[in-house]
Amino acid sequence: MHSKLRAIRLVAFVIACVAWLGLTATAVVPSSLADLVQEFDEYLAYEYTKTLSTQFDGRRAGTAGGNASARFVAAAFQLMGLQPAGDNGTYFQNFEMPFLELAETPKLTLLDDAGQTVKDFQHRVDFREFIFGNAGPGQAEAEVVYVGSGSRDELSSVPLAGKIALVVPPAGTNINATAVVTEAMNQGAVAALILASSDASVQIKSSYVINLTPHAIPSVRLTRAAITALLEGSGETVDTVRSRPPYALGIRVYLSIVLQPIVTVTVSNVLGLLPGRDPTRKNRVVIIGGHYDHVGRDPNGTVFPGANDNASGTAVTMAIAKLFTSQGVRPKASILFVAWGAEEAGLVGSSYYVDHPKFPLSDTIASLVLDVVGRGEGQSVEVEGDPDSLLREIRLSASSLKLSANVQNGGGGSDHGPFLEANVPAALFIWEGSVPTIHRPDDAIDKIDPAKLRQTGMLVALTALNLAGIEP
């Protein structure tokens, strides 16, 4: 009962926030499309970003916070006057997916010869879990064997059965960690410790994709400082051990990664429609969307706000919808605004829509996807997609607005990917340099730049209007 009451109060709160932000105001339509999109309100987009990144416990798909954030978007769409375009007259297109999460904080401990604790390493400071394929849950206590960069030859050159493999590749070398863990497992290792690509990367939390094998071994990524501390008792350092062939280090560690049982959850895409007015074009659609989900929280209560990833893309989508409805835009083709669900779990929501489209894919003019658009380097939004005809429209829109945009062919990695795979024109809007900052606790509202929200919003809005056309 108390949880239901809190949910009711939360919905009332977010609806009140939406109303406070003035979502039912009207305005005069400017004389040109370029003038119209100048009315884009980056501060409204910022407020949406703030609400999404501070009110919903990290917005993990399948959690109470994730579901509440979907209801927040739907409430905003309703107050704007967008038509529900989901299932059974609602704003929600529901789908089911498996859900996997940490059951407790992972543990990594250096032990002495008697099995007593020498040092406890700190999760998301010294190390993070690696969950993918043959890297999975489990507990292991064993001697550590240095295996170089983890090549097949290195892994097979030293006995690994019942041991824990330590992988320290040469400086500046990128390795395929998934392949390394698989080969270590095949050689009998019971766990794997791998030098992280950067110290900051151990702060990252993933949304675990359900692809674990039955024989997965616990695996973690460690900072250089953590590996230095592990090696202290062996007389080695990171640099000296790199010059050695694989060998047993004479140190012992305990590693534990415990996951919750996999359950099935219901998640939603949130769909709001601005219907087309031209009888010959209204059944065609331009899609504007960004994923609203993020990665939630750790068992210790640490929340991952996901302000840039991707409250920002959802917020700009909502602010564009507000712009069009408040300005009385009458598109010839329909414009579908979508907050995609479960992107972090492997593009689940957008893939589901492509398999169950609300408009035929053959009638989809383009899908414009916004992902991490609230911070980044430089003054140019990055755009990648296909085909060339869509990219030309985006370049023309940028030119009309005198905005700088780096537009190029490319695909995959976000919710435009499933559309491209289905041969539907699609493009991703993203800011350069923002990816290393995501999935961390400090991806927070104070890092968001309203100017970047504005540039992205205007460019996407004008591109969509040019593609859909509008009636006078």
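Scroll up a little and you will see the structure.
Parameters at a glance
- Residues numbered from 1 in each chain as written.
- Predicted model: local features only at pLDDT ≥ 70, side-chain atom pairs only at ≥ 80, totals over all residues.
- Heavy atoms only, no water.
- Helix = DSSP H or I, 4+ residues; strand = E, 2+ residues; numbered from the N terminus.
- Expected span 1.5 Å × (residues − 1).
- Buried < 20%, exposed > 50% of the residue type's maximum accessible area, 1.4 Å probe, protein only.
- Polar contact = N/O pair within 3.5 Å; in protein donor to acceptor, adjacent residues only side chain to side chain.
- Contact = heavy atoms within 4.5 Å.
- Phe/Tyr/Trp six-rings, centres within 6.5 Å; stacked < 30°, edge-to-face > 60°.
- Lys NZ or Arg CZ within 6 Å of the ring centre and 35° of its normal.

Visitor: Talk me through helix α4 (residues 64-80); I want residue IDs and the actual numbers.
Guide: Taking 1.5 Å per residue as the helical rise, α4 with its 17 residues ought to reach 24 Å, and the 25 Å between its terminal C-alpha atoms agrees with that figure. Burial of α4 is extensive: 12 of the 17 residues sit out of reach of the surface. The complete set of buried residues in α4 reads G65, G66, A68, S69, A70, F72, V73, A74, A75, A76, F77 and M80.

Visitor: Tell me about the side chain of D298, and name the residues and values.
Guide: Its place among the elements puts D298 in the loop between β13 (285-291) and α9 (307-326). A polar contact is formed between the side chain of D298 and the side chain of R124, at a distance of 2.6 Å. D298 has contacts with L102, H123, R124, K205 and F304, leaving out every residue within four places of it along the chain.

Visitor: Report on the packing of aromatic side chains, specifying residues and quantitative values.
Guide: Enumeration over the complete set of coordinates arrives at seven aromatic pairs. Both rings, one in Y48 and one in F72, keep their centres 6.3 Å apart while their planes meet at 75°; by these two values the pair is edge-to-face. Residue Y48 is located in helix α3 (residues 42-54), and its partner F72 is located in helix α4; the two are separated by 24 residues in the primary sequence. The pair formed by Y48 and F72 is uniform in burial state, with each residue classed as buried. Among the aromatic residues, those joined into a ring-pair cluster are Y48, F56 and F72. For the cation-ring pair, K119 lies above F121, with the distance from its terminal atom to the ring centre recorded as 5.3 Å. One cation-aromatic arrangement involves K452 over W431; the distance from NZ or CZ to the ring centre is 4.9 Å.

These values are about where atoms sit, not about what they do.
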